Amino acid sequence: MKTFLHLLLGFVAMSSTFSGVLLLLHPDGSTLNLSTELLNGTPFNNFFIPGLILSVVVGGMHLVAIVQNMKHATNQYTWAMAAGITLSGWITFQLLLIGAEHWLQLFYLVIGILTIFIGYHLKGKWAV
């Protein structure tokens, strides 16, 4: 279960950081085949701020969580749960703003929820 948690944290850390940086470099969304029309009705004109949040907040939280888990820090599972909450919050906020547009939204929401549950289980709060 610990290995699976590390894989989830590492995967999200890499994919969110990479995607966020691409959005920062190309705020029109072109490198990820995103249209700025997705942002109609949101506070954003382009993908720069969402890319910044995705790379720094979501990616950063997952990077911290994976490092804490690899170091076997005493609060490693708390960091994992925080990363899962961050990802789940990001996707939920995204769904509220733009709606369900792609299967990856559900995929990452499931990863976020799994991360929370696995972290909670490994923390010893939930014995299965």
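Right above here is the structure, for reference.
Reference entry: report on the structure contained in this document. (Residues numbered from 1 in each chain as written. Predicted model: local features only at pLDDT ≥ 70, side-chain atom pairs only at ≥ 80, totals over all residues. Heavy atoms only, no water.)

### As for helix H2 (residues 48-70)
The terminal C-alpha atoms of H2 lie 31 Å apart, and with 23 residues this matches the ideal 33 Å at 1.5 Å per residue to within 8%. Helix geometry: H2 is bent most strongly at glycine 59, by close to 30°. Taken together, the buried positions of H2 are occupied by Pro50, Gly51, Leu54, Ser55, Val58, Gly59, Gly60, His62, Ala65, Ile66, Gln68 and Asn69. In the stretch just after H2, histidine 72 is the one whose phi turns positive, near 55°. (Helix = DSSP H or I, 4+ residues; strand = E, 2+ residues; numbered from the N terminus. Expected span 1.5 Å × (residues − 1). Bend = angle between axes of the 7 residues up to and from the residue. Buried < 20%, exposed > 50% of the residue type's maximum accessible area, 1.4 Å probe, protein only.)

### Considering a nonpolar patch on the surface
A cluster of nonpolar side chains, namely Phe48, Ile49, Leu52, Ile53, Val56 and Val57, defines an oily patch on the protein surface of about 460 Å² accessible area. In this fold, isoleucine 53 is placed in helix H2. (Patch = residues over 30% accessible without salt bridge, like charges linked within 9 Å, V, L, I, M, F, W, Y side chains within 5 Å. Areas by Shrake-Rupley, 256 points an atom, 1.4 Å probe, with all protein chains shown as cover. Salt bridge = Lys/Arg side-chain N within 4 Å of Asp/Glu carboxyl O.)

### Regarding the packing of aromatic side chains
Applying the stated criterion across every chain, the model contains four aromatic pairs. Ring plane angle 85° and centroid distance 6.1 Å describe the contact between phenylalanine 11 and phenylalanine 107, whose orientation is recorded as edge-to-face. Remark: phenylalanine 107 occurs in helix H4 (residues 103-122) and phenylalanine 11 occurs in helix H1 (residues 2-25); sequence separation between them is 96 residues. With relative accessibility at 34%, the residue phenylalanine 11 sits in the partly exposed group. (Phe/Tyr/Trp six-rings, centres within 6.5 Å; stacked < 30°, edge-to-face > 60°.)

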